[in-house]
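# A look at the structure
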Amino acid sequence: QSDSELAFRDSLQRFGYLPNPSKFNNPDGLPVGFVKDADDRGDWVGLACAACHTNQVNFAGHTLQIDGGPTNADMFALIAGIARSLAATSASMSDPKFKRFADRVLKKVHTPNDEKTLFDSLKEFSAEFSTYVKNSTADVPWGKARLDAFGMIFNRATSIDLNIPTNSKQPNAPVSYPFLWDTHWHNVVQWNGSAPNQLSIERLGRNVGEVVGVFAHTDIKKTIMPPLFFKTSAKRLNQLMLEELQSKLRSPVWPAQWAPIDKAKAAAGRKLYQVYCDGCHTITPRNKPITATRVTMTPISLVGTDSTMATNAADRKSTTGFLERVRMPFFVEPLPKEVTSLELTAKIVVGAILAPPDWDETQGELSAEQLKLLKSIKTGQPRTDGLRTMLSSAKSNLERGNTKDFLQSVADYVEKNKKANEGLAYKARPLDGIWATAPYLHNGSVPNLYQLLLPSAQRVKQFYVGSREFDSVNVGFKFDGASDASLFDTTLPGNSNAGHEGSAYGTDKLTDQQRWELVEYLKTL
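Structural notes, computed from the coordinates. Here the structure is a predicted model, which is why all the values come from computation and not from measurement.

### Comments concerning the pattern of salt bridges
When their charged atoms lie close together, side chains carrying opposite charge are able to pair. For the structure shown, the criterion picks out eleven salt bridges. We note a salt bridge from Glu-115 to Lys-99, for which the minimum N-O separation is 2.9 Å. Separated by 16 residues along the polypeptide, Glu-115 in helix H4 (residues 112-135) and Lys-99 in helix H3 (residues 96-106) bring together distant segments of the chain. On the accessibility criterion, Glu-115 (10% relative accessible area) is buried.

### Overview of unusual backbone geometry
Residue Pro-439 follows Ala-438 across a cis peptide bond; omega there is 0°. The topology assignment puts Pro-439 in the loop between strand S14 (425-428) and helix H16 (449-452). Unlike most non-glycine residues, Asn-163 shows phi in positive territory, near 60°. As for its placement among the helices and strands, Asn-163 is situated in the loop between helix H5 (149-160) and strand S6 (175-176). A relative accessible area of 55% places Asn-163 in the exposed class.

### Some remarks on the layout of surface pockets
The rolling of a water-molecule-sized probe over the atoms marks out the regions of remaining empty space. Computed from the structure, the second largest pocket encloses a volume of approximately 270 Å³. Around the second largest pocket, the lining comprises 19 residues; the ones closest to its centre are Val-140, Pro-141, Trp-142, Gly-143 and Leu-487. Those elements that provide at least two residues to the lining of the second largest pocket are helix H2 (75-89) and strand S18 (486-489). Ranked by the residues each element gives to the lining of the second largest pocket, the list is headed by S18, at four residues.

### Side note on the packing of aromatic side chains
Scanning the model with the defined rule gives 23 aromatic pairs in all. With a centroid separation of 5.1 Å and 45° between ring planes, the pair formed by Phe-179 and Trp-181 is classed as tilted. For Phe-179, a relative accessible area of 5% puts it in the buried group. Here the aromatic rings of Phe-463 and Phe-488 are separated by 5.1 Å at their centres, their planes lie at 10°, and the arrangement is stacked. Here Phe-488 lies in strand S18 and Phe-463 lies in strand S15 (residues 462-465), a separation of 25 residues in the sequence. Taken together, the ring pairs in this structure connect Phe-59, Trp-254, Trp-258, Trp-435, Phe-470 and Phe-477 into an aromatic cluster. Seen from the ring of Phe-8, Arg-14 lies directly overhead, with NZ or CZ sitting 4.8 Å from the centre.

### Some thoughts on the packing of H5 against helix H11 (residues 341-354)
Where H5 meets H11, the closest approach of the two axes is 10 Å, and the angle between their N-to-C directions is 60°. Considering the angle they form, H5 stands oblique to H11. Seen from above, H5 lies across H11 with left-handed handedness. Of the residues in H11, those in contact with Phe-150, Ile-153, Phe-154, Ala-157 and Thr-158 of H5 are Ser-341, Leu-342, Leu-344, Thr-345 and Ile-348.

### With respect to the environment of Met-75
Tracing the backbone through its elements, the reader meets Met-75 in helix H2. Take Met-75: its relative accessible area is 2%, and that puts it in the buried class. In the structure, Met-75 is positioned 67 residues away from Trp-142 in sequence and 8.8 Å away in space, judged by C-alpha atoms. Not counting chain neighbours up to four residues away, the residues in contact with Met-75 comprise Tyr-17, Tyr-132, Leu-147, Met-152, Tyr-177, Val-214 and Phe-215.

Criteria and thresholds
- Residues numbered from 1 in each chain as written.
- Predicted model: local features only at pLDDT ≥ 70, side-chain atom pairs only at ≥ 80, totals over all residues.
- Heavy atoms only, no water.
- Salt bridge = Lys/Arg side-chain N within 4 Å of Asp/Glu carboxyl O.
- Helix = DSSP H or I, 4+ residues; strand = E, 2+ residues; numbered from the N terminus.
- Buried < 20%, exposed > 50% of the residue type's maximum accessible area, 1.4 Å probe, protein only.
- 1 Å grid on protein atoms, 1.4 Å probe; cavity = no way out; pocket = protein on both sides within 12 Å on 5 of 7 lines; lining within 4 Å.
- Points joined across faces, edges and corners; volume = space filled by probe spheres on them.
- Phe/Tyr/Trp six-rings, centres within 6.5 Å; stacked < 30°, edge-to-face > 60°.
- Lys NZ or Arg CZ within 6 Å of the ring centre and 35° of its normal.
- Axes fitted to C-alpha atoms, helices over the stretch in contact; angles between N-to-C directions.
- Parallel < 35°, antiparallel > 145°, perpendicular 65-115°, else oblique.
- Left-handed = near helix turned anticlockwise from the far one by under 90°.
- Contact = heavy atoms within 4.5 Å.

In structure tokens:
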């Protein structure tokens, strides 16, 4: 750590990540979702899906862990802290801080040359990470429970990885971490519905894009044509298996044993839901298997919520640099000098997907359980269409196997991403488990469900985010402030709590009694 002799990974829960005291498969005591990995340079710590998509709810003296729920951690504080620690540790080879680091990393007896090699590597990594954090910094801090994932991904892929600093823009549209249950089955994902999600290639593209935008290494400069693809550290086999596991995730059930639901009020609320909510937010039955779901995309002009995230994704442009006139894949239209950042990022993701994995080595690293899971993924089913074809094509560098169909699926993926934002809208997903996902609206600007049913003029303008203490009456987390909480100010750019109001949403028609009835019904979903 930059200001102490403790290792940075000690007590990562100080940033809001969940402690995981179990030593089973976790001998280093890393928080939930943090994982150890290794390559030829040594051991590394990274983040898997669960770090940002798991939460805990302190409820009536009990602690519930919500798998797939949005974290209330502060990711910017995490990466900024890493950058400061890297800078402090790499300030000088003679500094005791670096000496302690070298002893810990090199472990065995080592020479001055070993230390010099480590120092140079650390110095280089510190500079790279500092650039990454600088490109992830916004004038309005994101705070806990939010980040501008699109802004981070665009900056990483189109600016840092392409080495075009002018492509970088301030990530000024932080949003809540989406909750993951059911999302595998939705036809589109992301708050603005910009990612097609019906084919396996589309889901893999979404996951690779998220990994490339965070900590994966992608060497775009070293390309192979045709088609163009890059060497990447994104582990696509692992992501396919994670996606398969996530497809089985179901929403949490309201803990009625600790806070009983008023059945009469809930029944009245159900009728109100059918009038005001069901047209956009369909119901996912708990007593039936999840199936493919076509979600409603509500135009921003109608829903009226903060438009910054959607407009950034639709309007932001990037220069293509040395990728200009490149066809990715080779039979699609070549890239012009400037395109939307969304389209350019999608092209870079295609290059990362097409990169051939070291198949034999990767297979050898998989556990028996992982191999069983991978083999369970069937070809030809709607939600896993083309998986084995895609992987076999990648294995042979597109020289053998079903090359034509695979490349066409990639081209379709690019084209769908290109057209996804024609018409600004936000996704109205099913609301099962909505009780465990506060704060609300896509940018987390409303602290609880009761407030969401009020006209925006009556919603609180400032509140604190970061508490896990649950408010079972208003349905959300308590927001009266704590020493480690973040202040959310709805008057700042990107933070508006307006919208989702008016006669279409019932906010100017519902009586207060009806609002409480609707809240009671939402607990049952």
